[in-house]
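What follows is each chain in one-letter form.
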Amino acid sequence: MSDTRRRVKVYTLNEDRQWDDRGTGHVSSTYVEELKGMSLLVRAESDGSLLLESKINPNTAYQKQQDTLIVWSEAENYDLALSFQEKAGCDEIWEKICQVQGKDPSVEVTQDLIDESEEERFEEMPETSHLIDLPTCELNKLEEIADLVTSVLSSPIRREKLALALENEGYIKKLLQLFQACENLENTEGLHHLYEIIRGILFLNKATLFEVMFSDECIMDVVGCLEYDPALAQPKRHREFLTKTAKFKEVIPITDSELRQKIHQTYRVQYIQDIILPTPSVFEENFLSTLTSFIFFNKVEIVSMLQEDEKFLSEVFAQLTDEATDDDKRRELVNFFKEFCAFSQTLQPQNRDAFFKTLAKLGILPALEIVMGMDDLQVRSAATDIFSYLVEFSPSMVREFVMQEAQQSDDDILLINVIIEQMICDTDPELGGAVQLMGLLRTLIDPENMLATTNKTEKSEFLNFFYNHCMHVLTAPLLANTSEDKCEKDNIVGSNKNNTICPDNYQTAQLLALILELLTFCVEHHTYHIKNYIMNKDLLRRVLVLMNSKHTFLALCALRFMRRIIGLKDEFYNRYITKGNLFEPVINALLDNGTRYNLLNSAVVELFEFIRVEDIKSLTAHIVENFYKALESIEYVQTFKGLKTKYEQEKDRQNQKLNSVPSILRSNRFRRDAKALEEDEEMWFNEDEEEEGKAVVAPVEKSKPEDDFPDSYEKFMETKKGKFGWLSGLSR
């Protein structure tokens, strides 16, 4: 059964009064002959086995909690719970239970839940007594009231009755008047009792009581009561924080008084939940479920009210993108949008779709493009957070925008290039912002989330765009730091560690590692486009220069890049590697590492072991013919001897094959000259191996020769040097 409405988790209460998860499955109610009655059955979604078979007993007390939870006891010490994925499924099963027991489905408990001590007390009470009698609201009764409130929390029936009594008699407002009197009299004992009372009333979990407690008239007194925790030597100053420290900023004046009130209320109630109230225990979690729902629905209402006011949002966008807006104002506007997007996460999926479509229609992406290029670090950080919400919501929407933009803008100001530049220019030594931006870029260039259903050409169109307009910006730091003038090479095998100058600045190395991680992702997912780019730019040679870095993590990133390429077992890549003698820096790194048994050693050995196990003949021949003398002394693994064995076996096979061919054919028929091979390779560059068909990388690569990349990068860095001092190391 794939119906998510009926999807549940089954829990049982263990001896330690903790809930144990018994598994996930789908619930149904059906007549079971053996049990002679309607029963609840749960079958595991993994293998269809029976997780639960429980007869709906007419006298069992079932409780419905939080709209998605049904709890009951099967025996004295055996409690069960079903936690539903969806409210609709919970409602369906609840109706079946109520039907069997002859109850109205609107009730939350099907039978009175009373323990033995309560039962004895109820027997002594007159039958007409339905509500709990509250003590009179006086200072000398506060201890009695506190005891009453805390005593009912363990019984759902008594909680209901107390909530009803508090609601009917307007009791909460009277209690808050006593709070003011206690503060004026400095009556510490009374204030401690009031803390217990108000905290207990919150745990009654009743929305009708919350409406009273969180009203403008009462909420600050409720916060005041919660300052006087008996466990604290001195009361907290929550009211002072809420009234003096916390400032309500209106980026654009909000004229709707109801909306203003709702924003104030939500902030204060969230403060009560997150700051004032202690983290609830497992047993208390259910006590505050209605408080969580109260905040949730308030946020939904705020987002909806703001979203419907297009005049308000249009004004915010206008000021955000206006050059005349001062920096402080713009910072507030961006922070408002960040908060607005965070609130939107509370919306249901269809409402969230409408929300982001409204923002897109109003021009959120062009606005972000402007603010992400600003000098203010706080503004850029908030803009990045907003952008992450948009990418998470719809990568396709962002891709569509940047491709349209490319038709009318220079490469330098394209949104994706602005993001790449922000990544390159992150001033944080740990590159926290750059890591976040790299994750967003990865999402945007991931073919897995490019929807073939809506637009069959999205993958080829976007990747063509990215490689033509953005890839040179992404690889600029890599090319600048591995160029000829920075890397003076010595070709002696096994001794180039100290002869190559590599970027040894830690922050630069971190940045290059991030770029390499993204390029490695491209090798795995963009077969054709990245292959064309690597070969045209001789990119692997430049990457392998980083094998000489003193930062082992960067050398490993370079090695991982090569390992992914070899892992594809693509003969075009293999021929490129052998022609360019690109194993040399890897073997040099292995030999320079000496006898140290570390991650670099293991990674290099694994690379060669892969070639041996997969029997990649062209690479095996190249390694043995060019490097075996340097490697034959390595005996702690059998990898290199194994490569030699494979090489000799293949050579013998070729000789046998050659001997079996008549001599007149041997010289011509089975020989392909170098020119034919080159023609084959040239033909490949004019074909597309992608599923989409004939999309190829445009000849923009030819028009941007490799020598231009460091130059354009140097120009870009010059403009940034004044702002980011550490970058000067990149272009020295």
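Conventions we followed
Residues numbered from 1 in each chain as written. Predicted model: local features only at pLDDT ≥ 70, side-chain atom pairs only at ≥ 80, totals over all residues. Heavy atoms only, no water. Helix = DSSP H or I, 4+ residues; strand = E, 2+ residues; numbered from the N terminus. Buried < 20%, exposed > 50% of the residue type's maximum accessible area, 1.4 Å probe, protein only. Contact = heavy atoms within 4.5 Å. Areas by Shrake-Rupley, 256 points an atom, 1.4 Å probe, with all protein chains shown as cover. Polar contact = N/O pair within 3.5 Å; in protein donor to acceptor, adjacent residues only side chain to side chain. Axes fitted to C-alpha atoms, helices over the stretch in contact; angles between N-to-C directions. Parallel < 35°, antiparallel > 145°, perpendicular 65-115°, else oblique. Left-handed = near helix turned anticlockwise from the far one by under 90°. Nonpolar A, V, L, I, M, F, W, Y, C, P; charged D, E, K, R; others polar. Salt bridge = Lys/Arg side-chain N within 4 Å of Asp/Glu carboxyl O. 1 Å grid on protein atoms, 1.4 Å probe; cavity = no way out; pocket = protein on both sides within 12 Å on 5 of 7 lines; lining within 4 Å. Points joined across faces, edges and corners; volume = space filled by probe spheres on them. Domains from an automatic or database assignment. Patch = residues over 30% accessible without salt bridge, like charges linked within 9 Å, V, L, I, M, F, W, Y side chains within 5 Å. Lys, Arg positive; Asp, Glu negative; His and termini not counted. Charge placed at Lys NZ, Arg CZ, Asp CG, Glu CD. Pairing = 2+ DSSP bridges. Phe/Tyr/Trp six-rings, centres within 6.5 Å; stacked < 30°, edge-to-face > 60°. Lys NZ or Arg CZ within 6 Å of the ring centre and 35° of its normal. pLDDT = per-residue confidence, 0-100.

Details of the overall build of the protein
Along the protein, the regular secondary structure elements total 34 helices and 7 strands. Residues counted as buried form 48% of the 732 residues belonging to the protein. Considering only residue pairs separated by 6 or more positions, the protein has 66% of its internal contacts joining residues 24 or more positions apart. Roughly 37000 Å² of accessible area belongs to the protein as shown, and the carbon and sulfur atoms make up 47% of that amount.

A short note on helix α26 (residues 571-579)
F572, Y573, N574, Y576 and I577 are the residues of α26 that are buried. Between a side-chain oxygen at the N-terminus of α26 and the backbone nitrogen of F572 the separation is 2.8 Å; the capping residue is D570.

A short note on the packing of helix α18 (residues 415-424) against helix α21 (residues 471-481)
Here α18 crosses α21 at 20 degrees, and the two axes come no closer than 9 Å. Between α18 and α21, the angle is such that the two are roughly parallel. In the crossing of α18 with α21, the sense of the turn from one axis to the other is right-handed. From α18, N417, I420, E421, M423 and I424 reach across to α21, where they touch V473, L474 and P477. Its residues assigned to classes, the contact of α18 with α21 shows 6 nonpolar, 1 polar and 1 charged.

So, the pattern of salt bridges
One pass over the structure, following the stated rule, counts 25 salt bridges. The partner of K206 in a salt bridge is E160, and the shortest N-O contact between them spans 3.3 Å. Here K206 is found in the loop between α6 (188-203) and α7 (207-213), whereas its partner E160 is found in helix α4 (residues 156-168), with 46 residues between them in sequence. What makes E160 partly exposed here is its relative accessible area of 36%. Note that R653 is salt-bridged to E650, the shortest N-O span being 2.8 Å. Taken together, the positions of R653 and E650, both in helix α30 (residues 639-659) and 3 residues apart, correspond to about one turn of that helix.

Considering the environment of Q63
By the secondary structure assignment, Q63 is in strand β5 (residues 63-65). Q63 gets classed as buried once you look at its relative accessible area, which sits at 15%. Residues Q63 and E108 lie 45 residues apart in sequence; the distance between their C-alpha atoms is 5.7 Å.

Topic: the layout of surface pockets
Its volume calculated, the second largest pocket comes out at about 1000 Å³. Around the second largest pocket, the lining comprises 33 residues; the ones closest to its centre are K247, F248, K249, I263 and E339. The biggest single contributor to the lining of the second largest pocket is helix α13 (residues 327-344), with 9 residues. Of the residues assigned to the lining of the second largest pocket, the class counts are 17 nonpolar, 6 polar and 10 charged. Looking at which domains feed residues into the lining of the second largest pocket, each of domain 2 (141-297) and domain 3 (309-392) gives three or more.

Describing a negative patch on the surface
Negative charge collects at one region of the surface, where D256, E258, E308 and D309 lie side by side. Here E308 lies in helix α11 (residues 289-308). Judged by its relative accessible area of 67%, E308 falls in the exposed class.

Structural notes on the side chain of Q422
Position of Q422 among the secondary structure elements: in helix α18. Using a relative accessible area of 13% as the deciding quantity, one classes Q422 as buried.

Examining the pairing of strand β1 (residues 7-13)
Across 7 bridges, the pairing between β1 and strand β2 (residues 19-32) is antiparallel. Across the sheet, the residue bridging to Y11 is D21, located in β2.

A look at the packing of aromatic side chains
In total, this model carries 22 aromatic pairs according to the counting rule given. Taken together, the ring pairs connect F312, F317, F336, F337, F340, F355, F356 and F393 into an aromatic cluster. Directly above the ring of F610 sits R563, whose terminal nitrogen or CZ lies 4.0 Å from the centroid. Sitting over the ring of F572, R575 keeps its end group 5.8 Å from the ring centre.

Focus: unusual backbone geometry
Unusually for a residue other than glycine, K36 sits at a positive phi of about 55 degrees. You can see K36 is positioned in the loop between β2 and β3 (37-44). The exposure class assigned to K36 is exposed, which follows from its relative accessible area of 58%. Notably, D538 is not glycine yet its phi reads approximately 50 degrees, a positive angle. Mapping D538 onto the fold places it in the loop between α23 (527-537) and α24 (539-544). A relative accessible area of 21% means that D538 is categorised as partly exposed.

Re the confidence of the model for the protein
Looking at the protein, pLDDT values average 80 and 81% of them are 70 or higher. In this model, residues 487-501 is a region of pLDDT below 50 whose contacts with residues beyond four sequence positions or in other chains number 36 contacts.

Describing a nonpolar patch on the surface
Taken together, Y31, M38 and V100 make up a surface patch of nonpolar side chains, about 250 Å² in accessible area. For Y31, the location among the structural elements is in strand β2.

A short note on the environment of L431
Relative to the elements of secondary structure, L431 occurs in the loop between α18 and α19 (432-444). In this structure L431 comes out as buried when scored by relative accessible area, which is 1%. For the pair L431 and T508, spaced 77 residues apart in sequence, the C-alpha separation works out to 9.8 Å. Residues in contact with L431, not counting those within four places in the same chain, are D426, Q507, Q510, L511 and L514.

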